[in-house]
Amino acid sequence: MSKKTTTRRGVSKAETDEVDGNVDKIRDILFGSQMRDYEQRLEATEKRIMQSIERLTRDIDKRLERLDKYARREVEKLSERLKTERKERIADTKKGSGELNTLQQQLDASVSDIDEQLSAESRSMRSALLDQGEDMAAQLRDAQTQLQEALDRESTELQDKKLDREDMAALLTEVALRLNKDFKLPKG
């Protein structure tokens, strides 16, 4: 008891579905490989960019780690030197009990100078570390910007090369009309 529904042109719904299925098959035959190729190229480009970003991140992390280790070693060396100098000063003051007051003043002055030098060197090292960190962060941002621009260029290039939707719609409409034999070729 099923009735065939007809469209305005007298074509049944079943025939319309069959034509739609044929159009999908034709579309897949005509453009399927190109679309898969575009998708593969886009995925490969994205993968290369992500690998580059990961490589840059690892490289920057390694550099920062080496810089941190270097700074720590230098601070430790300075601390050891300071400790050594303090020990030497203390030993000298014990030997010369007669010059205790003079040596005490010299020791205080030396310790103060060393502390100031250590503080100044620590500040300069921190400043250098901060500058290098900022430089590396700027390099990372520049690299990321360049990679993003490359990705945008690749994407734009792919967009320019792909088939326009209106052209595709016109082509598929013409194919559908020809399949339905509704399309009349101009004479002449």
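What counts and what doesn't
- Residues numbered from 1 in each chain as written.
- Predicted model: local features only at pLDDT ≥ 70, side-chain atom pairs only at ≥ 80, totals over all residues.
- Heavy atoms only, no water.
- Helix = DSSP H or I, 4+ residues; strand = E, 2+ residues; numbered from the N terminus.
- Buried < 20%, exposed > 50% of the residue type's maximum accessible area, 1.4 Å probe, protein only.
- Contact = heavy atoms within 4.5 Å.
- Areas by Shrake-Rupley, 256 points an atom, 1.4 Å probe, with all protein chains shown as cover.
- Core = buried A, V, L, I, M, F, W, Y, C linked by side-chain atoms within 4.5 Å.
- 1 Å grid on protein atoms, 1.4 Å probe; cavity = no way out; pocket = protein on both sides within 12 Å on 5 of 7 lines; lining within 4 Å.
- Points joined across faces, edges and corners; volume = space filled by probe spheres on them.
- Salt bridge = Lys/Arg side-chain N within 4 Å of Asp/Glu carboxyl O.
- Axes fitted to C-alpha atoms, helices over the stretch in contact; angles between N-to-C directions.
- Parallel < 35°, antiparallel > 145°, perpendicular 65-115°, else oblique.
- Left-handed = near helix turned anticlockwise from the far one by under 90°.
- Nonpolar A, V, L, I, M, F, W, Y, C, P; charged D, E, K, R; others polar.
- Expected span 1.5 Å × (residues − 1).
- Arc of directions from axis to C-beta.

Undergrad: Sorry, what's going on with the overall build of the chain here?
TA: For the chain, the helix and strand inventory stands at three helices and zero strands. Here the chain holds 188 residues, and the buried ones make up 16% of them. For the chain, the proportion of contacts with a sequence separation of at least 24, taken over those separated by at least 6, is 74%. Per element, the accessible surface of the chain, about 15,400 Å² overall, is 50% carbon and sulfur.

Undergrad: What exactly am I supposed to notice about the nonpolar core here?
TA: Taken as a class, soluble globular proteins show a tendency for nonpolar side chains to be buried jointly. Among the nonpolar cores identified, the biggest contains six residues, and these are Val19, Val23, Phe31, Met168, Leu172 and Ala176. Of all elements in the fold, only α1 (13-95) and α3 (165-180) reach the threshold of two or more residues within this core.

Undergrad: Please explain empty space enclosed by the protein as it appears in this structure.
TA: The gaps of empty space that remain are located by a probe, the size of a water molecule, rolled over the atoms. Counted under the stated rule, the structure contains one cavity of 30 Å³ or more. Looking at the largest cavity, its volume works out to about 70 Å³. Around the largest cavity sit Leu78, Arg81, Leu82, Glu85, Ile114, Gln117, Leu118 and Glu121, which together line it.

Undergrad: Sorry if this is basic, but what is going on with the pattern of salt bridges here?
TA: Working definition: two side chains of opposite charge can pair if their charged atoms are close together. According to the stated counting rule, one finds eight salt bridges in the structure shown. With its nearest N and O atoms 3.0 Å apart, the salt bridge here joins Glu174 to Arg178. Here Glu174 pairs with Arg178, and both are found in helix α3, just four residues apart, close to one helical turn. The class for Glu174 is partly exposed, based on a relative accessible area of 30%.

Undergrad: Would you mind going over the environment of Asp115 with me for this structure?
TA: Its location among the elements puts Asp115 in helix α2 (residues 100-161). Sequence separation of Asp115 and Leu82 is 33 residues, and the distance between their C-alpha atoms is 8.2 Å. Look past the residues within four positions of Asp115 in its chain and what remains in contact with it is Leu82 and Arg86.

Undergrad: Help me out: how do you make sense of the packing of α1 against α3 in this one?
TA: Two quantities define a packed helix pair, namely the angle between the axes and the distance from one axis to the other. Interhelical geometry of α1 versus α3 gives an angle of 130° and a closest axis separation of 11 Å. By the criterion of interaxial angle, the relationship of α1 to α3 is oblique. Between α1 and α3 lies a crossing whose hand is right-handed. Of α3, the residues touching α1 (which contributes Val19, Val23, Ile26, Arg27, Leu30 and Phe31) are Met168, Leu171, Leu172, Val175, Ala176, Leu179 and Asn180. A per-class count over the contact of α1 with α3 returns eleven nonpolar, one polar and one charged.

Undergrad: Hey, could you run me through α3 in this one?
TA: One turn of the α-helix equals 3.6 residues, which is why residues spaced by three or four share an orientation. Over its 16 residues, α3 extends 22 Å from the first C-alpha to the last, a length consistent with the 22 Å expected when each residue adds 1.5 Å. Within α3 the residues assigned to the buried category are Met168, Leu172 and Ala176. Down the axis of α3, the smallest arc covering the buried residues is 70°, so these residues share one side. Tucked into the core, α3 has its buried residues touching α1. Directly after α3, the chain includes Lys181, whose backbone phi takes a positive value near 60°.

No statement about biological role is implied by the geometric values presented.
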